[in-house]
Amino acid sequence: MPEPILRLEAVGKHFGGVVVLEDVSFDVRAGSRHALIGPNGAGKTTLFNVISGVFPPDEGRVLLDGLDLAGVPSRRRIGMGMARSFQNIRLMPHLSVVENVMLGQHARPGLLRKLKPVGLLPKSRERDEALEVLDRFGLDAYRGQVVANLPYGIRKKIEVVRALMAEPRLLLLDEPAAGLNSTETAALRDFLMEVSARGVTLLVVEHDMPFVNSLCEHVTVMNFGRRIYDGPAAGAREDEAVLDAYLGTHHKKGASDAA
Ligand SMILES: Nc1ncnc2c1ncn2[C@@H]1O[C@H](COP(=O)(O)OP(=O)(O)OP(=O)(O)O)[C@@H](O)[C@H]1O
Ligand SMILES: [Mg+2]
């Protein structure tokens, strides 16, 4: 087996006396489309924060390409090939769509970019790239609009596009389909399939199970800060612990519409 792109080893995190993550271990295979699911409060976003370096784990390790990320700040993790979107939108509301997307380019690895201070770069090529991605995602019509004036669903998509502009090898998405209608969700799924086909590994937190099932082949399920399932997506739908987590212990009566 090739080395996983991301490995979590017995990760633990507590806030005060509250244990939010406990002994969480799993691998994300390079090139895979991997979902991280679980009920509200299970610890999914906290785990994303640990992976992306928002705060350190209290126990355990996070490894990218076999390299222990302890002490590596989040900005450098982006340069190492990891980008993320946030559950709550974090765009610059007063900038235009294309300006927001261009901001995602500045975290790219590459000596040339690091040597050129932001603001002094010839903007035309970066702008063209940003416009091309917006066009591919059907967002061309919004390119010049100020983000603050746009509907929620559109802003969610722009966040994903911005994360992609860093040219990550590993893309972490926290509820990318939340607030999208079914047409928008299908478009997002197709777009992420395309991204995946170009070799980007996806780790996706999502509550929308049809979306998860149509995008991801591998699923890790969390409940109360612990990993309760890690394996093929199909297996999760029949797993007793997963059904219990979503439906309580009485799931056997009506498990057909499970998870
Ligand atoms: N900074 C913090 N301080 C204290 N408690 C926190 C903090 N961040 C998260 N928690 C708690 O940790 C638990 C897990 O939260 P987290 O946001 O990781 O869950 P989640 O799985 O992402 O849930 P959701 O599906 O609702 O987004 C929750 O009980 C939450 O209240
Ligand atoms: Mg969350």
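Above this text is the structure in question.
Remember, it's a predicted structure, so these values are computed and weren't measured experimentally.

Asker: Got a sec to walk through the sheet that holds strand β5 (residues 67-68)? Specific residues and values, please.
Answerer: Sheet architecture is open: four strands sit in the order β2-β1-β4-β5, paired in antiparallel fashion. Unpaired on one side and paired on the other, β2 (18-28) and β5 mark the two borders of the sheet. Of the strand pairs in this sheet, strand β1 (residues 6-15) and strand β4 (residues 59-64) are connected by five bridges, and their pairing is antiparallel. Its bridge partner lying in β4, E9 is registered against R61. Against the sheet, helix α1 (residues 44-52) contacts β1, β2 and β4, and its axis sits at roughly 115° relative to β1.

Asker: How would you summarise the sheet that holds strand β9 (residues 218-223) if you had to cite specific residues and measurements?
Answerer: Paired through their backbone hydrogen bonds, the strands of a sheet run either parallel or antiparallel. In space, the six strands of this open sheet follow the order β6-β7-β8-β3-β9-β10, with mixed pairing throughout. The outermost strands of the open sheet, each flanked by one partner alone, are β6 (82-84) and β10 (226-232). Averaged over all neighbouring strand pairs, the angle between strand axes comes to 15°, with direction disregarded. Sheet topology places strand β3 (residues 33-37) next to strand β8 (residues 201-205); four bridges connect them, and they run parallel. Note that in β8 the partner of A35 across the bridge is V204. Across the sheet, α1 touches β3, β6, β7 (170-174), β8 and β9, and the angle it forms with β7 is around 150°. Against the sheet, helix α7 (residues 182-197) contacts β3, β7 and β8, and its axis sits at roughly 145° relative to β8.

Scoring rules and cut-offs
- Residues numbered from 1 in each chain as written.
- Chains lettered and ligands numbered in written order.
- Predicted model: local features only at pLDDT ≥ 70, side-chain atom pairs only at ≥ 80, totals over all residues.
- Heavy atoms only, no water.
- Pairing = 2+ DSSP bridges.
- Helix = DSSP H or I, 4+ residues; strand = E, 2+ residues; numbered from the N terminus.
- Contact = heavy atoms within 4.5 Å.
- Axes fitted to C-alpha atoms, helices over the stretch in contact; angles between N-to-C directions.

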